[in-house]
Amino acid sequence: MNLDPAFDKWVWLSFLGLLVVLGVRAWSVESSSGRLGRTPARVRALTVASVGMLAVVVTLLAVQGGQQVLHSVLTRTDPVTGLPLDEPRQPAPAPADPNAPADPNAPAADPNTNPNAPAAGGAP
């Protein structure tokens, strides 16, 4: 089950569209000069558009990541590795000794030398 990262932009754009439609609907309701008990046609149309955009956002979220989460929960597997969650994992390797030289055959550094000193026979 592979997710397409390029598809994420459509999820975010649809969510932005939902916010815009809800904002326009809120503005329309607040600025409406209609009588109480009567809903203007544009508010009804924006309500239908809001429900439609919500359905689009939920569908895109389910397609993009919801299937993977549902499969992971039902099969008790890690969504990234696909390994069962009940199996013990391999322990992490022990960290290397920070004082060990990078090359075991390399000569040890002389602690009496200054690493910031200019090289011998340097330029005038």
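Since this is a predicted model, take the numbers as computed values, not measurements.

1. Remarks on the overall build of the protein chain
Phase 1: Within the protein chain one finds two helices and zero strands.
Phase 2: Counting the 124 residues in the protein chain, one finds 13% classified as buried.
Phase 3: At a minimum sequence separation of 6, the contacts of the protein chain that also span at least 24 residues come to 58%.

2. Examining a nonpolar patch on the surface
Phase 1: On the surface, a nonpolar cluster with roughly 470 Å² of combined accessible area is contributed by W10, L13, L16, V20 and V24.
Phase 2: On the secondary structure map, L13 appears in helix α1 (residues 8-31).
Phase 3: With a relative accessible area of 47%, L13 lands in the partly exposed category.

3. Section: the packing of aromatic side chains
Phase 1: In total, this model carries one aromatic pair according to the counting rule given.
Phase 2: Pairing W12 with F15 gives two aromatic rings, centres 6.4 Å apart and planes at 85°, and the pair type is edge-to-face. Within this pair, W12 and its partner F15 are both found in helix α1, separated by three residues, close to a single helical turn.
Phase 3: Accessibility expressed as a relative area gives 61% for W12, which makes it exposed.
Phase 4: Taking relative accessible area as the criterion, F15 reaches 36% and is therefore assigned partly exposed.

Analysis parameters
- Residues numbered from 1 in each chain as written.
- Predicted model: local features only at pLDDT ≥ 70, side-chain atom pairs only at ≥ 80, totals over all residues.
- Heavy atoms only, no water.
- Helix = DSSP H or I, 4+ residues; strand = E, 2+ residues; numbered from the N terminus.
- Buried < 20%, exposed > 50% of the residue type's maximum accessible area, 1.4 Å probe, protein only.
- Contact = heavy atoms within 4.5 Å.
- Patch = residues over 30% accessible without salt bridge, like charges linked within 9 Å, V, L, I, M, F, W, Y side chains within 5 Å.
- Areas by Shrake-Rupley, 256 points an atom, 1.4 Å probe, with all protein chains shown as cover.
- Salt bridge = Lys/Arg side-chain N within 4 Å of Asp/Glu carboxyl O.
- Phe/Tyr/Trp six-rings, centres within 6.5 Å; stacked < 30°, edge-to-face > 60°.

Purely spatial values, then, with no claim about function.
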